[in-house]
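Each chain is listed here by its residues.
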Amino acid sequence: MPETFERGSRFSRPAVRSILGVGIATLDIVNEVEVYPAEDAEMRASAQRRVRGGNVANSLGVLAQFGHHCRWLGTLADDDTGRWIREDLARQGIDAAHAVVHAGGATPTSYIALSRASGSRTIVHYRDLPELDADGFDRVPLEGLDWIHFEGRNPLETRRMIDRVRRIAPGLSVSLELEKPRDGIETLLEGPDVILAGRVFAEARGFEVPESFLSDLMSHTSAQLCVLAWGAAGAFFLVRGAEVEHVPAVPPPRVLDTLAAGDTFNAAVIDALARSLTPRESVERAVGLAGFKCGRIGLEGLI
Ligand code: ADP
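Residues numbered from 1 in each chain as written. Predicted model: local features only at pLDDT ≥ 70, side-chain atom pairs only at ≥ 80, totals over all residues. Heavy atoms only, no water.

**Q** What's the story with empty space enclosed by the protein in this structure? I'm lost.
**A** In this approach a probe as big as a water molecule rolls over the atoms, and the regions it shows empty are the leftover space. Under the defined criterion, the tally for this structure stands at 3 cavities of 30 Å³ or more. For the largest cavity, the calculated volume is near 110 Å³. Every element with two or more residues in the lining of the largest cavity is listed here: β10 (147–151) and α4 (155–168). Residue classes in the lining of the largest cavity are distributed as 5 nonpolar, 5 polar and 3 charged. (1 Å grid on protein atoms, 1.4 Å probe; cavity = no way out; pocket = protein on both sides within 12 Å on 5 of 7 lines; lining within 4 Å. Points joined across faces, edges and corners; volume = space filled by probe spheres on them. Helix = DSSP H or I, 4+ residues; strand = E, 2+ residues; numbered from the N terminus. Nonpolar A, V, L, I, M, F, W, Y, C, P; charged D, E, K, R; others polar.)

And the structure:
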């Protein structure tokens, strides 16, 4: 088992891309606990950290480590947390100049119990902030971008965003994350080139078998590649016209922190595809990096 993530020669290829991520950024308050508490229990945390979270923002943080030029678009409240998130994005070299700031409300916060026994993360999320709408997206110029990655949320507005991309920048690569089921989410399946789905989404759609989910998803999307992360079992992927393939997980010596393993996985798939690696190579790289991440606390210094 690798102690460190193997940096293959392909990663050193000069392939810096300009990537826009559209989704949420949050404050994550992570309480490390020895074991996950029983309901109604009181427990002392062994450690606590405040980190910037949010699926797309996390993926951009990893993509920035790969050396890409990253921009984030989403909403923030006009509060201390919102300002702190901006500073943290800037520290990671992520441009948040087009973020939409709302007066009132509260920047989204996730309260996370991270079990040292299993590495599992249990999340309670609070938000009181409008979602990004298509008008906010319209203000972002698309010139010079190579890739846009959307979080699958707020489907009505995100649909309009994808339509704009396809209308004015048809050559741009578009990926879509499907993490949770949401009303109307299937309206987003037309337009993306790559779909990055998660187990929770597949199971909520009634699929327990990855192959069946991916075949069904492929028949409803324009994407040429559908990828499905499956936790400790690794990941599955389907290229249009081919058979579903499985890539087993790469377990770290000890699972310490699975928080944002999926965001790391998504970033690594995008990085590899943007470097013109094959789908199999891309998913293998992603499984490797996500497994390496599970053996470490947090997302800093992965590359
Ligand atoms: P999420 O963070 O969205 O819950 P997953 O749990 O599906 O995402 O994990 C994403 C990827 O991280 C998986 O496809 C797998 O490659 C890797 N991974 C997750 N859990 C483990 C684990 N316990 N051991 C090794 N790799 C893991």
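Anyway, onward from the coordinates.
**Q** Help me out: how do you make sense of the pairing of strand β13 (residues 225–229) in this one?
**A** Remark: a regular strand shows side chains that alternate across the two faces of the sheet. Within β13, 5 of the 5 residues are buried, which leaves it mostly tucked inside the rest of the structure. The alternating pattern of β13 places Leu225, Val227 and Ala229 and Cys226 and Leu228 on opposite faces, both of which are buried. Here strand β12 (residues 194–198) pairs with β13 via 5 bridges, running parallel. What sits directly across from Gly198, in β13, is Ala229. The pairing of β13 with strand β14 (residues 235–239) spans 5 bridges and is antiparallel. Across the sheet, residue Cys226 finds its bridge partner in β14, namely Leu238. (Buried < 20%, exposed > 50% of the residue type's maximum accessible area, 1.4 Å probe, protein only. Pairing = 2+ DSSP bridges.)

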